[in-house]
Amino acid sequence: MSPRREHRLVFLLSVAQRRLQRWMAARTQASGVTAAQSGLLFILGQRDGVLMGEAGAALDLGPPGISGLVDRMTAADLIKRRADPDDGRAWRLWLTPAGRAAMAQSKAGLAEVNARLTEGFTEAEIDVVARWLTTMQTRFPRGEDE
């Protein structure tokens with residue numbers, strides 16, 4: 001039996017994440033919408049009027065992170081923030097017409113990203129990669145101090 005091959009998974013994951021972020025950032029300059037903003041647009045496209053805290057949880061952002069994202073997107077007129085009618089401390093988020101247009105543009109860009117990410121791999125291989133990446137969320141849960 002041969003020794004197990006060392007894959008350097010942490011290094012490979014880190015490099016892949018940085019390169020993907022740089023590639024996407026270059027595309028952001030053309031579209032004006034960041035990956036995080038696209039994520040919030042997609043959430044609101046599925047459920048307009050979501051609570052701000054729920055959107056933050058779905059994007060794995062803490063209160064400061066979602067607050068800053070919402071502030072930037074509100075200033076860009078991509079979303080509107082309104083007080084929740086049942087809880088004055090809570091805010092609900094709504095797409096604007098500009099946000100809907102940006103979401104459509106982001107979806108088109110997402111198709112290109114996914115095509116590049118999956119090129120040369122079988123659907124079964126991508127299923128394994130997706131399952132592995134998903135387990136990271138449970139094996140390394142988000143801390144309350146973040």
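The preceding data block contains the structure.
Residues take numbers from 1 onward in each chain, read along the sequence in its written order. Since the coordinates come from a predicted model, pLDDT governs what is reported: local features require at least 70, and pairs of side-chain atoms require 80 or more to be given and counted, while whole-chain, interface and lining totals use all residues. Just so you know, side-chain values use all the structure's heavy atoms and leave hydrogens and water out.

## Regarding the packing of aromatic side chains
Right, on to step 1. When the centres of two rings from Phe, Tyr and Trp lie within 6.5 Å, Trp using its six-membered ring, the rings pair. Their planes under 30 degrees apart give stacked, over 60 give edge-to-face, and anything left gives tilted. This model, assessed by the stated rule, comprises zero aromatic pairs.
Right, on to step 2. In this analysis the charged atom, NZ for Lys or CZ for Arg, is taken to sit over a ring once it is within 6 Å of the ring centre and within 35 degrees of the ring normal. A cation over a ring is seen here: R81 above W91, with NZ or CZ 5.9 Å from the ring centre.

## Description of the sheet that holds strand 3 (residues 91-95)
Right, on to step 1. Think of it this way: DSSP has to see at least two bridges between two strands before they count as a pair. A run of DSSP states H or I qualifies as a helix once it reaches four residues; a run of E qualifies as a strand once it reaches two. Both are numbered from the N-terminal end. Pairing within the open sheet is antiparallel, and its three strands lie in the order 1-3-2. Every other strand in the sheet has two partners, leaving strand 1 (50-51) and strand 2 (79-83) as the edge strands with one partner each.
Right, on to step 2. In the sheet, strand 2 pairs with strand 3 via five bridges, with the strands oriented antiparallel. In the strand pairing of strand 3, R81 is matched with L93.
Right, on to step 3. Across the sheet, helix 4 (residues 63-75) touches strand 2 and strand 3, and the angle it forms with strand 2 is around 120°. In this description, contact between two residues means that some pair of their heavy atoms is separated by no more than 4.5 Å. Angular values range over 0 to 180 degrees, each being the angle between N-to-C directions of two axes fitted as lines to C-alpha atoms, with helices fitted over their stretch in contact.

## Examining the packing of helix 2 (residues 35-46) against helix 4
Right, on to step 1. In the contact formed by helix 2 and helix 4, the axes pass within 11 Å of each other and the chain directions differ by 85°. In terms of axis orientation, helix 2 runs roughly perpendicular to helix 4. The residues of helix 4 that touch helix 2, namely those facing A36, Q37, L40 and L41, are L69, V70, R72 and M73.
Right, on to step 2. Each residue is assigned to one class: nonpolar for Ala, Val, Leu, Ile, Met, Phe, Trp, Tyr, Cys and Pro, charged for Asp, Glu, Lys and Arg, and polar for all the others, Gly among them. Class assignment of the residues belonging to the contact of helix 2 with helix 4 gives a composition of six nonpolar, one polar and one charged. For classification, angles of less than 35 degrees are called roughly parallel, those exceeding 145 degrees roughly antiparallel, those between 65 and 115 degrees roughly perpendicular, and all remaining angles oblique.

## Quick look at the nonpolar core
Right, on to step 1. Buried Ala, Val, Leu, Ile, Met, Phe, Trp, Tyr and Cys residues form a nonpolar core when they are joined through side-chain atoms within 4.5 Å. For each residue, the accessible area found with a 1.4 Å probe, counting protein chains only, is set against the maximum for its type, and the residue is called buried under 20%, exposed over 50%, and partly exposed in between. The biggest cluster of nonpolar side chains holds 18 residues, and the ones touching the most others in it are L40, L41, L44, V70, M73, I79 and L93.
Right, on to step 2. Sequence-distant contacts of L93, defined by excluding residues within four places in its chain, comprise L40, L44, D48, G49, V50, M52, A55, V70, I79, K80 and R81.

## Observations regarding helix 4
Right, on to step 1. Given the number of residues in a helix, its expected span is that number minus one, multiplied by 1.5 Å. Taking 1.5 Å per residue, 13 residues should reach 18 Å; helix 4 reaches 18 Å between its end C-alpha atoms and fits that length.
Right, on to step 2. Listed in full, the buried residues belonging to helix 4 are I66, G68, L69, V70 and M73.
Right, on to step 3. In this structure, the buried side of helix 4 is in contact with helix 2, helix 3 (52-58), strand 2 and strand 3.
Right, on to step 4. Backbone geometry just downstream of helix 4 places D77 in the positive-phi region, at approximately 60°.

## Digging into the pattern of salt bridges
Right, on to step 1. The term salt bridge refers to a side-chain nitrogen of Lys or Arg lying within 4 Å of a carboxyl oxygen of Asp or Glu. Scanning the model with the defined rule gives six salt bridges in all.
Right, on to step 2. Of the charged contacts in the structure, one is a salt bridge between D84 and R92, with a shortest N-O distance of 2.4 Å.
Right, on to step 3. R89 serves as the salt-bridge partner of D87, at 3.1 Å between the closest nitrogen and oxygen.
Right, on to step 4. Looking at D87, the relative accessible area reads 26%, which means it is partly exposed.
Right, on to step 5. For R89, a relative accessible area of 73% puts it in the exposed group.

## Considerations on the layout of surface pockets
Right, on to step 1. Only protein atoms enter the 1 Å grid used here, on which a cavity is any set of points holding a 1.4 Å probe that cannot leave and a pocket is any open set flanked by protein within 12 Å on both sides along at least five of seven lines; residues with an atom within 4 Å of a point are listed as lining. Grid points are joined across faces, edges and corners, and a volume is the space filled by probe spheres set on the points. Volume-wise, the largest pocket comes out at about 2,700 Å³.
Right, on to step 2. Listing elements by their share of the lining of the largest pocket, those giving two or more residues are helix 1 (9-31), helix 2, helix 5 (97-118) and helix 6 (123-139).
Right, on to step 3. Class assignment of the residues belonging to the lining of the largest pocket gives a composition of 28 nonpolar, 15 polar and seven charged.

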